[in-house]
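The residues making up each chain are set out below.
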Amino acid sequence: MVERKLLVLFGSQTGTAQDTAERIGREAKRRHFQCRVEALDSYDVANLINELLVVFVCATTGQGDPPDNMKMFWRFLFRKNLPPGSLCQLDYAVLGLGDSSYPKFNFVAKKLHKRVLQLGGNPLLPVALGDDQHDLGPDAVVDPWLVALWDKILALYPLPLGLDIISPDVRLPPKYTLHYLAEDSPHPDGGLLQPTAPRAVPSELHPFAARVVSNQRVTAESHFQDVRLIEFDVTGSGITFSAGDVVMIQPQNCPEDVQQFCQLLRLDPDRLFVLKPTEPGTSLPALLPQPCTIRHLVTHYLDISCVPRRSFFELLSYFSTNELEREKLQEFSSAQGQEELYSYCNRPRRTTLEALWDFPHTTCAIPPEYLLDLIPRIRPRAFSIASSMLAHPDRIQILMAVVRYKTRLSKPRHGLCSTWLASLNPEQGDVRVPLWVKKGGMKFPADPDTPVIMIGPGTGVAPFRAAIQERVAQGHRGNCLFFGCRQKSKDFYCQAEWEELVTKGFLMLFTAFSRDQEEKVYVQHRIQENRRLVWELLSSRSAHVYLAG
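Residues numbered from 1 in each chain as written. Predicted model: local features only at pLDDT ≥ 70, side-chain atom pairs only at ≥ 80, totals over all residues. Heavy atoms only, no water.

- The chain is annotated in an unreviewed UniProt entry as NDOR1 oxidoreductase from Pelecanoides urinatrix.
- UniProt annotates the chain under Catalytic activity (unreviewed entry) with the comment "2 oxidized [2Fe-2S]-[protein] + NADPH = 2 reduced [2Fe-2S]-[protein] + NADP(+) + H(+)".
- Among the UniProt annotations of the chain, the heading Subcellular location (unreviewed entry) holds the following wording: "Cytoplasm". (UniProt positions renumbered as here; feature names shortened; annotations may be inferred.)

Have a look at this one:
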C-alpha cells in the first residue's frame, strides 16, 4: 500500500496563500491523507527529490517577485546545476494567487510550474491563476480547481478500504491543544519585549526591542491627516542599513480591544496555559512564549482587528449552538455566499472582533484551543526608513501617516500598527517596539557623479530623506527632489531640512502644493515645467530616477 502523504508548501506575503494552503491541508485530512503544510523557506528544499505528492500555493508580490518566505527556496530551485530529471518521481500542482491589474500577473506561479516541469516533475493539473480583481476574488478560480485536484489525487491514491471522506459536518481537531496551568502558577516575565543581548542580527523570530526616542506630529493640527516622524534607538542591536531599506515593525492590539475580546469569549486574561501540538511533527508557534497568558496571546499574537476571511466563518459555524447564527455562518463560508460575505466584511472593512460581536451565541461557545486555527497571527508592517545612519547613528526614523477612514460602519476604521505607534509617548517612560530591518528594493548609485532624480509625494518622500541624508554625508551634490503635498502650511514634511540643503547647494527642490491655488498642481506638472533640466540630467549625466508613493 503506497503511503498517502501530501505536502502543501506556500509562499505568502499577506496571509492569503497561507490561508489557502491551510484550507487544502484541512481538505486532505478529510480524505485521510497525512498532510504537512509549511512555508517554502521553512522546508528543507533538498528533500524535494524524495517527495511524491506536493501542492505549491504561491502569491506574487510587487513586480513579479516571490514573497519573502519563499526567497531562499526560489534561489535554490533556479540553480543552474540541478539535474534535469531530479524531480521525476514528483506529482505536483501549482496554485497561484495574484492580481491581474499588475503586468506580471501570477508570474511566480507560472515560473514555478515551468521550472518543476523542467526538473522532471509531473503536473496533475494546469497552473491555477487566482485573481484578486475577480468579483469573487481568487476563490472563483480556486474552488473549481480544488475539485479537479482532488479527483486527480484520489485516482492516484484511493481512499483506504472501508473509509469515506470525512463529512463537512464533522469538525476537525484543532492544531494545538491548550492546557491551563494552576491559577497560582508563577507568571513568566513579559518575554517578548525584554531588550535582549543580541544573539544575531534581529529578525522576525528575534526582533529587537527598540526604545522610542521621539514621536512628533509633522502635519498642522488643523490638517485632516495625522503624520508622524518617529525615532527609534537601535543602539547595541547590530542593525545596519542603507538608504532604501525597510524597517519591519511587529504591532499589538490595544488594551480595550483585548479586554472586549476576552469578555466576549469569557476568557480570563491572566490565566496561564501551555500549547501541545495535536499531531506529532507540528511545530509550536515560534513567537509565543511557553507558558503564556491569554492576555499575551490576544495582545501580541491574534489579529483580532483584521478583516476575517471565508475560512474564519467556516470554522466558526462548527461551534454555533444557535440555528440562525449557524445558517448565516454557513452561508458566508459557501461559494454562493461570497458576494454577501464581501459586502458584510470586505467592503466596510469589518474586523474579526466586530464580526464576533454579531454572533454572540457562537462566540461564547468557541473552545479556546481553536483560537489559533480561527484567527491568524498579527503580521509585521513594513515602513521605508526615513533617515541615514551617517546622519543619525544608532537611530531609525520613519515617516508614518496614521490610517483612519470612514466606511458605512458607524465607527471609523483604524490602522492597527499606525494607531498603536501614534499612541506611544516616550515621555511616559521606557516605551519599546519590536523591530528588525530588511533590504529594500531601491539601490542608490555609488558613483558620486551620478545625479539622482527623486519623485516623492506625501509620505512617499521617506526613503528619499534617507537617501539625501546619506548622499549629503558622502558629499554627493546631484540630488534633485520633486515633492508634492496639499498645502505648504499644513503637510510640507521636513521643510526646514530641505531648505537648508538647498541653501548649501546639496539639493535642487521642486514643490507642488496641490490645494494652495485654484487649479490643482501635482508633481507631474513640476516635472513637465522642468523638462529641460530633467532631460539634461538623464541624457548627459545618466541620472537615476526613483519614484515612491
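## Looking at the UniProt feature "domain: Flavodoxin-like" (unreviewed entry) in the chain
Piece 1. Per the UniProt record, "domain: Flavodoxin-like" (unreviewed entry) is found at residues 6-150.
Piece 2. Along residues 6-150 the backbone is 32% helical and 23% strand, and the end-to-end C-alpha distance reaches 12 Å. (Helix = DSSP H or I, 4+ residues; strand = E, 2+ residues; numbered from the N terminus.)

## Some points on the sheet that holds strand β8 (residues 208-217)
Piece 1. Here we have 6 strands laid out as an open sheet, ordered β13-β10-β17-β8-β9-β14, and antiparallel in their pairing. Lying at the two open borders of the sheet, with one neighbouring strand each, are β13 (381-384) and β14 (395-401). Within this sheet the neighbouring strands show an average axis-to-axis angle of 40 degrees, counted without direction.
Piece 2. Taken together, the 4 bridges between strand β10 (residues 246-249) and strand β17 (residues 432-438) define a ladder with antiparallel strand orientation. Bridged to Val246 within β17 is Lys438.
Piece 3. The strands touched by helix α13 (residues 416-423) within the sheet are β8, β9 (227-233), β10, β13, β14 and β17, with β14 carrying the most contacts at an inclination of about 120 degrees. (Pairing = 2+ DSSP bridges. Axes fitted to C-alpha atoms, helices over the stretch in contact; angles between N-to-C directions. Contact = heavy atoms within 4.5 Å.)

## Thoughts on helix α9 (residues 338-346)
Piece 1. Those residues of α9 that fall on the buried side of the exposure criterion are Gln338, Leu341, Tyr344 and Cys345. Buried residues of α9 fall within an arc of 120 degrees about the axis and therefore sit on the same side.
Piece 2. At its buried positions, α9 is contacted by α4 (139-156), α7 (310-319), α8 (323-332) and α10 (352-358). (Buried < 20%, exposed > 50% of the residue type's maximum accessible area, 1.4 Å probe, protein only. Arc of directions from axis to C-beta.)

## Brief notes about the packing of aromatic side chains
Piece 1. What the rule picks out here adds up to 14 aromatic pairs.
Piece 2. Here Phe312 and Phe313 contribute two aromatic rings whose centre-to-centre distance is 5.0 Å and whose plane-to-plane angle is 90 degrees, an arrangement assigned as edge-to-face. The exposure classification of Phe312 matches that of Phe313, with both residues buried.
Piece 3. Considering the side-chain rings of Phe313 and Tyr344, the 6.2 Å spacing of their centres and the 70 degrees angle between planes classify their relative orientation as edge-to-face. You can see Phe313 sitting in helix α7 and its partner Tyr344 sitting in helix α9, a full 31 residues away along the chain. (Phe/Tyr/Trp six-rings, centres within 6.5 Å; stacked < 30°, edge-to-face > 60°.)

## Focus on the domain arrangement of the chain
Piece 1. Taken domain by domain, the chain consists of domain 1 (5-156), domain 2 (208-251 + 380-438), domain 3 (255-374) and domain 4 (452-547).
Piece 2. Relative to domain 3, the C-alpha centre of domain 2 lies at a distance of 28 Å.
Piece 3. Counting residues at the interface gives 8 residues for domain 2, matched by 11 residues for domain 3.
Piece 4. Interface of domain 2 and domain 3: buried area, both sides summed, is about 710 Å²; carbon and sulfur atoms make up 39% of it.
Piece 5. Along the contact surface separating domain 2 from domain 3 lie 1 salt bridge.
Piece 6. Between Glu354 and Arg413 there is a salt bridge, with its nearest N and O atoms 2.7 Å apart.
Piece 7. There are 4 residue pairs in polar contact (both at pLDDT 80 or more) connecting domain 2 and domain 3. (Domains from an automatic or database assignment. Buried area = accessible area lost by both parts, 1.4 Å probe. Salt bridge = Lys/Arg side-chain N within 4 Å of Asp/Glu carboxyl O. Polar contact = N/O pair within 3.5 Å; in protein donor to acceptor, adjacent residues only side chain to side chain.)

## Focus on the side chain of Thr60
Piece 1. Inspection of the secondary structure puts Thr60 in the loop between β3 (53-59) and α2 (71-77).
Piece 2. A polar contact of 3.4 Å, which involves the side chain of Thr60, links it to the backbone nitrogen of Phe107.
Piece 3. Among the polar contacts made by the side chain of Thr60, one reaches the main-chain amide nitrogen of Val108 at a distance of 3.2 Å.
Piece 4. In this view, Thr60 contacts Asp65, Leu97, Lys104, Asn106, Phe107, Val108 and Ala109; residues no more than four positions away in its chain are not counted.

## Thoughts on the packing of helix α5 (residues 255-264) against helix α6 (residues 294-301)
Piece 1. Between α5 and α6, whose axes approach to 10 Å, the crossing angle comes to 125 degrees. Relative to α6, the element α5 is oriented oblique. α6 is crossed by α5, and the crossing has right-handed handedness. Across the interface between the two elements, Val258, Phe261 and Cys262 from α5 touch Ile294, Arg295, Val298 and Thr299 from α6. (Parallel < 35°, antiparallel > 145°, perpendicular 65-115°, else oblique. Left-handed = near helix turned anticlockwise from the far one by under 90°.)

## Topic: the environment of Ala182
Piece 1. Within the secondary structure, Ala182 is located in the loop between β7 (176-180) and β8.
Piece 2. For Ala182, a relative accessible area of 47% corresponds to the partly exposed category.
Piece 3. When the C-alpha positions of Ala182 and Ser237 are compared, they lie 37 Å apart, and in sequence the two are 55 residues distant.

## What to know about the UniProt feature "domain: FAD-binding FR-type" (unreviewed entry) in the chain
Piece 1. Mapped onto this structure's residue numbering, the UniProt feature "domain: FAD-binding FR-type" (unreviewed entry) falls at residues 205-445.
Piece 2. Note that residues 205-445 is 29% helix and 21% strand, and that its end C-alpha atoms are spaced 32 Å apart.

## So, the pattern of salt bridges
Piece 1. Summed over all chains, the structure comprises 27 salt bridges.
Piece 2. The partner of Glu38 in a salt bridge is Arg36, and the shortest N-O contact between them spans 2.7 Å.
Piece 3. A residue is classified by how much of its surface remains accessible, and Glu38, at 19% relative accessible area, is buried.
Piece 4. Overall, Arg36 belongs to the partly exposed group, its relative accessible area being 39%.
Piece 5. Through salt bridges with shared partners, a single network forms among Arg23, Glu27, Asp139, Asp143 and Arg310.

## Quick word on the packing of α8 against α9
Piece 1. At their nearest, the axes of α8 and α9 sit 8 Å apart, and the two run at 105 degrees to each other. With respect to α9, the element α8 is oriented roughly perpendicular. Facing Lys328, Glu331 and Phe332 of α8, the residues of α9 in contact are Gln338, Glu340, Leu341 and Tyr344.
Piece 2. For the contact of α8 with α9, the per-class residue count stands at 3 nonpolar, 1 polar and 3 charged. (Nonpolar A, V, L, I, M, F, W, Y, C, P; charged D, E, K, R; others polar.)

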